[in-house]
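Okay, here's what each chain looks like letter by letter:
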Amino acid sequence: MDNLRGALIMVLSMLGFAIEDMFIKLMGNVIPIGQIILFLGVGGAIGYGALMRVKGQALFEHAMLTRPILLRALGEIIGTLGFVSAIVLTPISSASAILQATPLVVTLGAALFLGDPVGWRRWSAVLVGLGGVILIIRPGLESFQALSLLALLGVFGLSLRDLATRRVPKSITSYQLSFLAFVALIPAGLLYMLGTGTSFEPMTGLQWVFMGSALCIGMVAYYGIVAAMRVGEISFVTPFRYTRLLFAMVVGIVIFSERPDMLTYVGATIIVASGIYTVWRERKVKELT
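Please read these numbers as outputs of a predicted model, since none were measured by experiment.

Asks: What should I look at first to understand the overall build of the protein in this one?
Replies: Counting secondary structure elements, the protein contains twelve helices and zero strands. The N-to-C order of helical and strand elements in the protein reads α-α-α-α-α-α-α-α-α-α-α-α. In terms of overall dimensions, the protein is globule-like: its C-alpha atoms have a radius of gyration of 19 Å, near the 19 Å expected for 289 residues. For the protein, the residues scored as buried account for 48% of the 289 residues in total. Across the protein, contacts joining residues at least 24 apart in sequence account for 86% of those joining residues at least 6 apart. Carbon and sulfur atoms make up 70% of the accessible area of the protein, which amounts to about 14100 Å² in all. Of the charged side chains in the protein, 21 are positive and 14 negative; the average position of the first set lies 7 Å away from that of the second.

Asks: Would you mind showing me how to read helix 11 (residues 243–254) here?
Replies: Three or four residues apart is the spacing at which side chains of an α-helix point the same way, because the helix has 3.6 residues per turn. Taking 1.5 Å per residue as the helical rise, helix 11 with its twelve residues ought to reach 16 Å, and the 17 Å between its terminal C-alpha atoms agrees with that figure. Residues of helix 11 that are buried include every one of Thr243, Arg244, Leu245, Ala248, Met249, Val251 and Gly252, and no others.

Asks: Is there a simple way to think about helix 5 (residues 102–113) in this case?
Replies: End to end, helix 5 covers 16 Å across twelve residues, agreeing with the expected 16 Å (1.5 Å per residue, within 8%). Taken as a whole, helix 5 has its buried residues at Thr102, Leu104, Val106, Thr107, Gly109, Ala110 and Ala111. Positive phi appears at glycine 115, one or two residues downstream of helix 5, with a value of about 75°.

Asks: What is the right way to look at the packing of aromatic side chains in this model?
Replies: Two descriptors summarise a pair of aromatic rings, namely the distance from one centre to the other and the angle between the planes of the rings. Tallied over the entire structure, the rule returns eight aromatic pairs. Both rings, one in phenylalanine 60 and one in phenylalanine 179, keep their centres 5.5 Å apart while their planes meet at 65°; by these two values the pair is edge-to-face. Here phenylalanine 60 is found in the loop between helix 2 (33–54) and helix 3 (67–89), whereas its partner phenylalanine 179 is found in helix 8 (residues 174–196), with 119 residues between them in sequence. Grouping aromatic residues by their ring pairs yields a cluster made of Tyr48, Tyr175, Phe182 and Tyr222. Taking NZ or CZ as reference, lysine 25 lies 5.6 Å from the ring centre of phenylalanine 256, over its face.

Asks: Would you take a moment to explain a nonpolar patch on the surface for this structure?
Replies: On the surface, a cluster of nonpolar side chains totalling about 720 Å² of accessible area is made up of Leu246, Val250, Ile253, Val254, Ile255, Met262, Tyr265 and Val266. Within the residue set of the nonpolar patch, elements represented by two or more residues are helix 11 and helix 12 (262–288). No other element matches helix 11, which puts four residues into the nonpolar patch.

Asks: Is there a simple way to think about the packing of helix 4 (residues 92–99) against helix 7 (residues 149–165) in this case?
Replies: How two helices pack is summed up by the angle between their axes together with the distance between the axes. It is the contact of helix 4 with helix 7, at a shortest axis distance of 9 Å, that shows an interaxial angle of 30°. Where helix 4 crosses over helix 7, the two elements pack in a sense that is right-handed. Contacts between helix 4 and helix 7 involve Ala95, Ile98 and Leu99 on the former and, on the latter, Ala151, Leu152, Val155 and Leu158. Residue composition of the contact of helix 4 with helix 7, grouped by class: seven nonpolar, no polar and no charged.

Asks: Whenever I open this one, unusual backbone geometry confuses me. Can you help?
Replies: Most peptide bonds adopt trans geometry, and most residues besides glycine take a negative phi value. One non-glycine residue, arginine 138, lies in the positive phi region at around 60°. The residue arginine 138 is located in the loop between helix 6 (120–137) and helix 7 in this model. The phi angle at serine 257 is positive, at roughly 55°, despite the residue not being glycine. Mapped onto the elements, serine 257 comes out in the loop between helix 11 and helix 12.

Asks: Can you help me understand the pattern of salt bridges in this one?
Replies: Pairing between side chains becomes possible if they bear opposite charge and their charged atoms approach one another. One pass over the structure, following the stated rule, counts six salt bridges. Aspartate 21 is paired through a salt bridge with arginine 244; the nearest N and O atoms lie 2.9 Å apart. Here aspartate 21, found in helix 1 (residues 2–28), pairs with arginine 244, found in helix 11; they are 223 residues apart in sequence, far enough to count as distant. The same class applies to aspartate 21 as to arginine 244, namely buried.

Asks: Explain the side chain of threonine 264 here, please?
Replies: When you line up the elements, threonine 264 lands in helix 12. Classification of threonine 264 by relative accessible area gives buried; the value is 7%. A polar contact is formed between the side chain of threonine 264 and the side chain of aspartate 261, at a distance of 2.8 Å. Setting aside residues no more than four positions away along its own chain, threonine 264 makes contact with Ile136, Arg138 and Met249.

Asks: For this particular structure, what's the right way to read the environment of phenylalanine 240?
Replies: Inspection of the secondary structure puts phenylalanine 240 in the loop between helix 10 (234–237) and helix 11. With relative accessibility at 29%, the residue phenylalanine 240 sits in the partly exposed group. It is 22 Å that separates the C-alpha atoms of phenylalanine 240 and leucine 160, two residues lying 80 residues apart in sequence.

Procedures and definitions
- Residues numbered from 1 in each chain as written.
- Predicted model: local features only at pLDDT ≥ 70, side-chain atom pairs only at ≥ 80, totals over all residues.
- Heavy atoms only, no water.
- Helix = DSSP H or I, 4+ residues; strand = E, 2+ residues; numbered from the N terminus.
- Rg over C-alpha atoms; globule rule 2.2 N^0.38 Å.
- Buried < 20%, exposed > 50% of the residue type's maximum accessible area, 1.4 Å probe, protein only.
- Contact = heavy atoms within 4.5 Å.
- Areas by Shrake-Rupley, 256 points an atom, 1.4 Å probe, with all protein chains shown as cover.
- Lys, Arg positive; Asp, Glu negative; His and termini not counted.
- Charge placed at Lys NZ, Arg CZ, Asp CG, Glu CD.
- Expected span 1.5 Å × (residues − 1).
- Phe/Tyr/Trp six-rings, centres within 6.5 Å; stacked < 30°, edge-to-face > 60°.
- Lys NZ or Arg CZ within 6 Å of the ring centre and 35° of its normal.
- Patch = residues over 30% accessible without salt bridge, like charges linked within 9 Å, V, L, I, M, F, W, Y side chains within 5 Å.
- Salt bridge = Lys/Arg side-chain N within 4 Å of Asp/Glu carboxyl O.
- Axes fitted to C-alpha atoms, helices over the stretch in contact; angles between N-to-C directions.
- Left-handed = near helix turned anticlockwise from the far one by under 90°.
- Nonpolar A, V, L, I, M, F, W, Y, C, P; charged D, E, K, R; others polar.
- Polar contact = N/O pair within 3.5 Å; in protein donor to acceptor, adjacent residues only side chain to side chain.

Written out as structure tokens, the structure is:
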């Protein structure tokens, strides 16, 4: 029963992230990307900062200046800049499909940089999954869009974030990590605006509703992931993260009139299947050791 509850919470969290992405894309037609990232950073930092004060946790402490946390913040910045840009500038369905390769890249990085044992089966699954990414991006073909590389940048950043998290001191709480992640987005958004030469755009009442909705839903969804992992077994709950792709496809088709082609569907299926197999294989290896 706990596993089913955890799976349900995970599915609802993925629905929340898909809705958050929808609001970001709706704003991105008018509001500069850097401004969106900046406001999300400010709102998230205030929200998590308030939660931390209620729980009596310190907003900053010396342990937050360690290398893993700084690398995690860098990964958060790169991942957010890449993925938010991809959501705004490319079809949300293809951007979300590419994002699903993040767990595969984390497996790859853990083997190369953290010394995690990865057998030939998981190596094969990672390579097959990356082949699915290539099917979606299609480098060298006429249908190739350079902007699709922004989603790959997002995958790289988020993978760096997840890998660095494994080395974060245990004294740092999940709330503190979330707070620092949003704080890091504030200068990142400002620098993005300076680098692209964009200025602040006044926001209408509807756009403020979109921004507030994206922020609140995103924070609840993020908390939902943590709760899902605590309620159910990680190996059982994790594959349900891929339902985000299904919700993103629905949002793209219904809200933004996107029409993914067959290669996108095939590539997305390969990525998801490879990711689920990698999780399943990791669980089997742990059971045997």
